[in-house]
Amino acid sequence: MSDSTDIVALLDEVTQRSLRESGRHGGVASPEVSTHETGIGSAAAAAAQHSHMGTVLGPGARFGLAKRALLRVTRLITRDQVAYNAAVVEALQSAEQQVLRLQALIATADVNREVGEERITRDADAVRAAVREMARQREADRAELQLQRARVSLFLQEARGLPASDGSPASQPRFHEDADDAGALYSHLEERFRGSRDDIRVRQTIYLQDVLPLRERGLPLLDIGPGRGEWLDLMREHEFPAYGVDTNALFVETAKKDGLDVRHGDGIAHLGDVDEDSLAAVTAFQVVEHIPFDSLRRLLDGALHALIPGGLLLLETPNPANVSVGSNSFWLDPTHLRPIPPDLLQFVLQDHGFVDVEVRFPAWGEDERLASLAAVENDDLRTLTELLKQDFFGPKDYAVLARKPAPA
Amino acid sequence: MRIGIVKPDFHIIGGAEGLLKRVAGELRRAGHRVSSIPIDVKAVSPYPYGVHISPEAWARAGNFFRYMGLVEEFSALELGGFDMVVSTQPPSFAARHPRHVSLFFHHERIYYDLAQVYCDAGYATPPLHTAAVERVRQVDASRLGEVRTFLAISEEVQRRLRDYNDLIGNVQLAIPGVDAVDGSDSQEPAPQGHVLCVSRHEFPKRAELFVHAMKLADPAKGVVVGGGGRLEYVRRLDAWLSSEGSDAAHIDSRPLWLNTGDVATVPTPAVRRESNVAILGPVDDERLTELYRDALCLVAPAFLEDFGLTALEAMAHAKPVIVCDDGGHLARIVQDGVTGFVVPPTAQGIAAAVQRLRNDAGLLRKLGCQARERAAEFTWERFREQLWAGLDTVMG
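Structural notes on helix 1 (residues 4–20) of chain A
Here helix 1 of chain A spans 24 Å end to end across 17 residues, near enough to the 24 Å set by a 1.5 Å rise per residue. Among all positions of helix 1 of chain A, only Ile-7, Val-8, Leu-10, Leu-11, Val-14, Thr-15 and Ser-18 of chain A are buried. Buried residues of helix 1 of chain A, viewed axially, fall in a sector of 155 degrees; they line one side. Exposed residues on helix 1 of chain A whose side chains face more than 90 degrees from its buried face are Thr-5, Asp-12 and Arg-20 of chain A. The inward-facing, buried residues of helix 1 of chain A contact helix 2 (55–76) and helix 4 (126–144) of chain B.

Below, the structure written as structure tokens:
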């Protein structure tokens, strides 16, 4: 029997360890685990019950005297056995505690993992949102910068186009601009919003049927404002003699590098410079929305002058009948002056004397946002979908094709 | 928020468990995720802090080593995944968390307010227990100091935190409520009603004091409700006190309860007589309600009670309550001569109070009525407000 001093020493030992290890983190008894679940607990209890087997007699044992004598004789052997049994019991109890601790560790690790995963997901969402916001802000800043540059550029153009204070004519006509910021801006806008070169080429193929029959006339096609030169490239591919005139020096330079005949200058003015009846076709893609109405009229006058009878005038421009274009995408290009509705352009051409005036909408893909609506059975909804298609998801561009009339 | 409620699992469902269920429900209703983290007291390591404890040491100081094993387990809980932790019974306050609120029911009482009577009763020997008391308080202090806010369940428990641990500034009250009682179940007490004692039969709830008192209050009838380790001891004691020759009127009450409840120490009565006390053991809620309803009064004889739920339940049933002046929080709940009587912890003191109630119907009615009003002050609404006030100090 230990005396109190020994036990107090144990109290001290436990107390000191507790005080020292108050900050320890590690295995824990589990909320979900009990000794019953481990199985080891009951094994240990059973082992403990029988650990003294063969060394003691039950109170009611028969032949107690003889058995006790036998026990005394066998004590040499059973003494070690009892010690061994006790060690096994202790080992089982220790193992049970370890199992409990491990299970508890797993249980708490599960909770912590769950929390960790939640935090990672939350953080990742936050990072994604931040990146999206930064990208949005960057686009907004870039658009703002481009707008400011364009404003400055237009201001410079206006300033150059004004008569000098001494009454002498302006040093440069409007829409004649060297490779300055405005040119660079427009080049960027084309890249950003118009579409890739290949896209544009594909879109323009719908006009080949109108143009190519004129090839046999042996006269060239003039493309006003060819930009990146997709249409001229298409003409070259179909061996149609064609050249362009562009005010944007950057485009001219690039086109020349591509082996295209593009001249730097004002295309509208150029029409007045060429001989009468000297061009098979005049085309202008995405040009008329950049120029004042007077300039449009001058362009039509020039085309009537330069085209051969039966020659083709093709003007392509954004389609403001598509509300999304008219209210939004049209204005993405700050050099756009005003949208021109198809009916207006058609009327102006007819009014100028062109014949066979036709408004043509290129084919356009179904917007996937309407796909699910289009599939529904409800007639009202389908009607509404059709309206939506026309007014919001219709063609982004349209063209007016017209012929110079033959002489009376 | 993800909130963990840590508690030692004693494998019993009592008042504390009911209260914690209510707290968890309250937190969940507020949109928090609540996890219960019980630690099975039966599965605590026999090697606290890796120290090998001999069987002799276990036999003489098992409570200490078991307690330290629990301290170790709670200290080692990995609670980083929780946003807040609520600890409950001792020593769950050893759980470590920066946002730690301890809903403090009581200390490990045999090392605090019951340390002396525990030895006096013979459960422990003074030098060894005194050594254990010192060390437990030392270890507790190291853990209690890390708790942000304490919510003491009564002024009595609040006082103990102040007196034993110098904890004042971060101790608030969260006093549990008592459910309102239907009018039909809270009728006026009748002088011929039984005298009720509702108590677990554990040391030092002192049901022994009650059965002794009832012998002196004969012909009043007593009813004892509750289970526990000393139930058989109380039964035998009642049988002996009822017998001829026990001379109940001249026995000192104190030795009857201040012992380890060893049934062998109770003399076997030579001639049995019918007792005026019915010892029912545990009963269901419905039966308990009936017993409250039909009672003359409740006697709550416990020593240094933390809270005193049964007293409040009886008062909600419009019954006066007799408590002892060393009854801890019981003596705060009951106002002497207003909602019951606060008497010396003797059979004579209790019996005299019972007789007063039996003999004065007007007084009985008045005290019952006032008791019901007093119980109505212990609302769950107040508990909720106090609970949130405490939780807000760490949620902030």
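Let's talk about the environment of Val-41 of chain B
Residue and element names in this part refer to chain B. Summarising the element assignment, Val-41 is placed in the loop between strand 2 (33–40) and helix 2. On the basis of neighbour counts, which here come to 17 C-beta atoms within 10 Å, the residue Val-41 falls in the partly exposed class. Sequence separation between Val-41 and Asp-9 is 32 residues, and the spatial gap between their C-alpha atoms is 5.8 Å. Beyond its immediate stretch of four places on either side in the chain, Val-41 contacts Pro-8, Asp-9, Phe-10 and Leu-70.

Points about the packing of helix 10 (residues 309–316) of chain B against helix 13 (residues 361–375) of chain B
Relative placement of two packed helices is described by the angle separating their axes and the distance separating the axes. All names here are of chain B. Running from amino to carboxyl end, helix 10 crosses helix 13 at an angle of 120 degrees, the nearest separation of the two axes being 7 Å. It follows that helix 10 is oblique to helix 13 by the angle criterion. Between helix 10 and helix 13 lies a crossing whose hand is left-handed. Contact residues: Leu-312, Met-315 and Ala-316 in helix 10; Ala-371, Arg-372, Arg-374 and Ala-375 in helix 13. In terms of residue class, the contact of helix 10 with helix 13 is made up of five nonpolar, no polar and two charged.

Overview of the sheet that holds strand 2 of chain B
Residues and elements named next belong to chain B. A sheet is described by the order of its strands in space; here six strands give the open sequence 2-1-3-4-5-6, paired in parallel fashion. Here the strands that pair on one side only, and so sit at the sheet edges, are strand 2 and strand 6 (171–173). Each adjacent strand pair in this sheet contributes to an overall mean axis angle of 25 degrees, direction not counted. Judged from the three bridges that link them, strand 5 (residues 149–152) and strand 6 form a sheet pairing that is parallel. Bridge pairing links Leu-151 to Gln-172 in strand 6. Sitting on the sheet, helix 14 (residues 380–395) touches strand 3 (84–87), strand 4 (100–104), strand 5 and strand 6, and the angle it makes with strand 5 is about 170 degrees.

Each value, and the rule that gives it
Residues numbered from 1 in each chain as written. Chains lettered and ligands numbered in written order. Predicted model: local features only at pLDDT ≥ 70, side-chain atom pairs only at ≥ 80, totals over all residues. Helix = DSSP H or I, 4+ residues; strand = E, 2+ residues; numbered from the N terminus. Expected span 1.5 Å × (residues − 1). Buried ≥ 20, exposed ≤ 12 C-beta atoms within 10 Å, placed from the backbone. Arc of directions from axis to C-beta. Contact = placed C-beta atoms within 7 Å. Axes fitted to C-alpha atoms, helices over the stretch in contact; angles between N-to-C directions. Parallel < 35°, antiparallel > 145°, perpendicular 65-115°, else oblique. Left-handed = near helix turned anticlockwise from the far one by under 90°. Nonpolar A, V, L, I, M, F, W, Y, C, P; charged D, E, K, R; others polar. Pairing = 2+ DSSP bridges.

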